[in-house]
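Structural features, examined
Chain residues, written in single-letter form:
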Amino acid sequence: MSQKRVLTGITTTGIPHLGNYVGAIRPAIAESRASGEESFLFLADYHGIIKCHDPEQIHRSTLAVAATWLACGLDPETITFYRQSDIPEVPELTWIFNCVCAKGLMNRAHAYKASVDANLAEGNTDPDHGISMGLFSYPVLMAADILIFNATHIPVGRDQIQHVEMARDIAGRFNHRYRELFVLPEAVVDDEIALLTGLDGRKMSKSYGNTIALFEDEKALRKQIMKIVTNSQEPGEPKNPDESTIFEIYRSFSTRDEQAAMRDRYAAGIGWGDAKQALFEQINAELAEPRERYRELTANPARIEDILQAGAAKARKHTRPLLDAVRDAVGIRPLR
Ligand code: ADP
Ligand code: TRP
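Residues numbered from 1 in each chain as written. Chains lettered and ligands numbered in written order. Predicted model: local features only at pLDDT ≥ 70, side-chain atom pairs only at ≥ 80, totals over all residues. Heavy atoms only, no water.

Time to look at the UniProt feature "short sequence motif: 'HIGH' region" (unreviewed entry) in the protein. Using the residue numbers shown here, the UniProt feature "short sequence motif: 'HIGH' region" (unreviewed entry) corresponds to residues 12-20. Between the end C-alpha atoms of residues 12-20 there is a gap of 12 Å, over a span that is 33% helix and 0% strand. (UniProt positions renumbered as here; feature names shortened; annotations may be inferred. Helix = DSSP H or I, 4+ residues; strand = E, 2+ residues; numbered from the N terminus.)

What follows deals with the domain arrangement of the protein. Many structure descriptions define interface size as the accessible area lost when the parts assemble. Along its sequence, the protein is carved into domain 1 (5-195 + 301-330) and domain 2 (215-295). Contact residues are listed per partner, giving 11 residues for domain 1 and 10 residues for domain 2. In total, domain 1 and domain 2 occlude about 900 Å² of area from one another, counting both sides; carbon and sulfur atoms represent 60% of this. When residues of domain 1 are sorted by the area they lose upon contact with domain 2, Leu18, Tyr21 and Ala71 head the list and together hold 48% of the total. On inspection of domain 1 and its partner domain 2, the count reaches one salt bridge. Its salt-bridge partner being Glu286, residue Arg26 comes within 3.0 Å of it at the nearest N-O pair. The tally of links from domain 1 across to domain 2 stands at four residue pairs in polar contact (both at pLDDT 80 or more). Secondary-structure elements contributing two or more residues to the side of domain 1 that touches domain 2 are α1 (18-35) and α3 (55-71). The class makeup of the residues in the side of domain 1 that touches domain 2 is nine nonpolar, one polar and one charged. (Domains from an automatic or database assignment. Contact = heavy atoms within 4.5 Å. Buried area = accessible area lost by both parts, 1.4 Å probe. Salt bridge = Lys/Arg side-chain N within 4 Å of Asp/Glu carboxyl O. Polar contact = N/O pair within 3.5 Å; in protein donor to acceptor, adjacent residues only side chain to side chain. Nonpolar A, V, L, I, M, F, W, Y, C, P; charged D, E, K, R; others polar.)

Moving on: the packing of aromatic side chains. For the structure on display, the rule yields 13 aromatic pairs. Taking 6.4 Å as the distance between ring centres and 75° as the angle between the ring planes, the aromatic pair formed by Phe97 and Phe174 counts as edge-to-face. Of this pair, Phe97 sits in helix α4 (residues 89-98) while Phe174 sits in helix α9 (residues 161-177), placing them 77 residues apart in sequence. Summarising the burial analysis for this pair, Phe97 and Phe174 share the class buried. Consider the rings of Phe247 and Tyr250, whose centres lie 6.2 Å apart with planes at 20°: the pair is stacked. One end of the pair is Phe247 and the other is Tyr250, both in helix α11 (residues 245-251) and three residues apart, which spans about a single turn. Each member of the pair, Phe247 as well as Tyr250, is classed as buried. Sitting over the ring of Tyr208, Arg202 keeps its end group 4.1 Å from the ring centre. (Phe/Tyr/Trp six-rings, centres within 6.5 Å; stacked < 30°, edge-to-face > 60°. Buried < 20%, exposed > 50% of the residue type's maximum accessible area, 1.4 Å probe, protein only. Lys NZ or Arg CZ within 6 Å of the ring centre and 35° of its normal.)

Set out below in structure tokens:
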């Protein structure tokens, strides 16, 4: 039961950007190829509809996120790749967990508390203004995502650690109250992974609107790179690469030797236009091939749908038997 099993989810509310690629997609795919561990990756569309109420955006993002991971080399034979909403055992287990999880635990969730604080700061008389039950109990759904596979290792960003801890808590309570059915999962946070800077010098994030899209065409990529904010130093003036967003992004797409050579060009006074052009060429060289695969995939959504259905069938070989045991444990059984 304690075999290593890696699982993570991607919320389907946006179109992947370079930060997602460098911080999540590229390392996860490299890891899955190298380790041969059993791993699960899914499109968290039930999580998507908590904050995004635009059906077209959910639908478009589901296609874009699935195509992105496949284009970047996710092998659906190695990784069990599926869509959350294709696994009916997940919402079913969520309900059962709702009956196990203390409400007070959810009161402490950062995402919920942040929304309450924002309401209070705005002088709202109702601290729960605009907060849905979905947002409030988001960690219960996430616990079901994880525990229905008895996943052991959950690679997440720092903001998600608390949710994995809540999943442990829920697993512990269930095991104690009913039967030892769940393994306690652990969050895995990789501090080595670079945080990519966005166009304006802050962390690249869809919340700041400062992103560079991963798979727009070559012209659009170049145009976005040309928008990176720089200081007003002139060509010929020596520049400090460690204070430049352009170099910061360059580092995530180059070898050590290339970085050393680029540092020399900064010291020799490369103009910002040339530095951006060099960055564009570097990124484009890495992305040209996957971008072509992405175009082919998005032009053929039915193929992606088939891949996801095959993934769901594989996933349900795990989820169905465990949910049967859970139902039995809580006393939901056939009458005979
Ligand atoms: P966003 O901040 O754009 O909303 P998400 O929170 O959806 O991005 O992040 C999805 C994944 O991409 C997470 O694993 C997160 O750590 C990673 N990620 C997001 N932005 C960056 C960034 N600027 N640099 C590195 N990794 C990032
Ligand atoms: N909540 C996660 C995020 O916003 C996505 C997610 C949903 C997830 N279910 C999960 C991550 C289960 C890991 C395990 O990033």
